[in-house]
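Remarks on the overall topology
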Amino acid sequence: MDNVDEYVLPRKKMVQEQIENRDISSPEVLAAMKKIPRHLFVKSEFRKCAYHDRPLPIDEGQTISQPYIVALMTELLKLNPNSKVLEIGTGCGYQTAVLAELAKEIYSIEIIPKLAYSAEARLNALNYQNVYLKQGNGYYGWIEQAPYNAVLVAAAPKKIPYRLTQQLADRGRMVIPVGSEFQELLLITKSSGKIDTERITGVSFVPMTGTPMEKS
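Presented here is a report on the structure given in the accompanying data block. Everything quoted here is computed from the prediction, not taken from an experiment.

On to the packing of helix α1 (residues 8-19) against helix α3 (residues 67-77), then. Relative orientation of the contacting elements α1 and α3 amounts to 70°, with a least axis distance of 10 Å. Our classification of the angle between α1 and α3 gives roughly perpendicular. For the pair α1 and α3, contact is made by M14, Q18 and I19 and by P67, Y68 and A71, respectively. When grouped by side-chain class, the residues that make up the contact of α1 with α3 number 5 nonpolar, 1 polar and no charged.

What follows is the structure in structure tokens.
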């Protein structure tokens, strides 16, 4: 087991320089980013780079997102201790852990079996007891547990999945990267059944797999 202490200062520096200095101001988000050992979510050969301002490769050709993007997406959701969250694309589980620090329940779906099982083991080792994870196609959401106060999608479909908007509670918020060659991070809000979309920034995420042709 790594000596976590050697990563405390790099983690504080990451939060100050990469996140606070880029206008992330939620005390809860900043506290979560300072607490969670990102180096335990990356491959051993990349641990010295764990707190750098960039995404890093994980297994199965996927990536762990840039710290700033994790913080930005989390802040946009405006979570509280009673929030019920759906996450699409567990990956290594880092974003999941950040969400779990802020919300009551996290329902996370990962389509790649190896990633789902390793993320579950990692989150269990870190004693996250409010995370429920399953291996499956996140394009369809997790209807049995709907509705959700917040939905976070960590892979990019070509268009907004209709089924995810249907599983969003009234006054709920969804953050999702959309596009193929050019992607935009979108904030989706729902009010009395009406869906509003706000463009936040350009991003680069791995493509969302398992997305069948579906009418909007």
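What follows picks up the thread again.
Glancing now at the environment of T74. With respect to the helices and strands, T74 occurs in helix α3. Residue class for T74 comes out buried when judged on its relative accessible area of 1%. Sequence-distant contacts of T74, that is, excluding residues within four places in its chain, are made with V29, Q95, V98, L99 and L102. In this structure the side chain of T74 is engaged in a polar contact, spanning 2.7 Å, whose partner is the backbone oxygen of V70.

This next bit is on the environment of V131. One can find V131 in strand β5 (residues 131-135). When the C-alpha positions of V131 and V85 are compared, they lie 9.6 Å apart, and in sequence the two are 46 residues distant. What V131 contacts, discounting residues up to four positions off in sequence, is T96, A100, I106 and L123.

The rules behind the values
Residues numbered from 1 in each chain as written. Predicted model: local features only at pLDDT ≥ 70, side-chain atom pairs only at ≥ 80, totals over all residues. Heavy atoms only, no water. Axes fitted to C-alpha atoms, helices over the stretch in contact; angles between N-to-C directions. Helix = DSSP H or I, 4+ residues; strand = E, 2+ residues; numbered from the N terminus. Parallel < 35°, antiparallel > 145°, perpendicular 65-115°, else oblique. Contact = heavy atoms within 4.5 Å. Nonpolar A, V, L, I, M, F, W, Y, C, P; charged D, E, K, R; others polar. Buried < 20%, exposed > 50% of the residue type's maximum accessible area, 1.4 Å probe, protein only. Polar contact = N/O pair within 3.5 Å; in protein donor to acceptor, adjacent residues only side chain to side chain.

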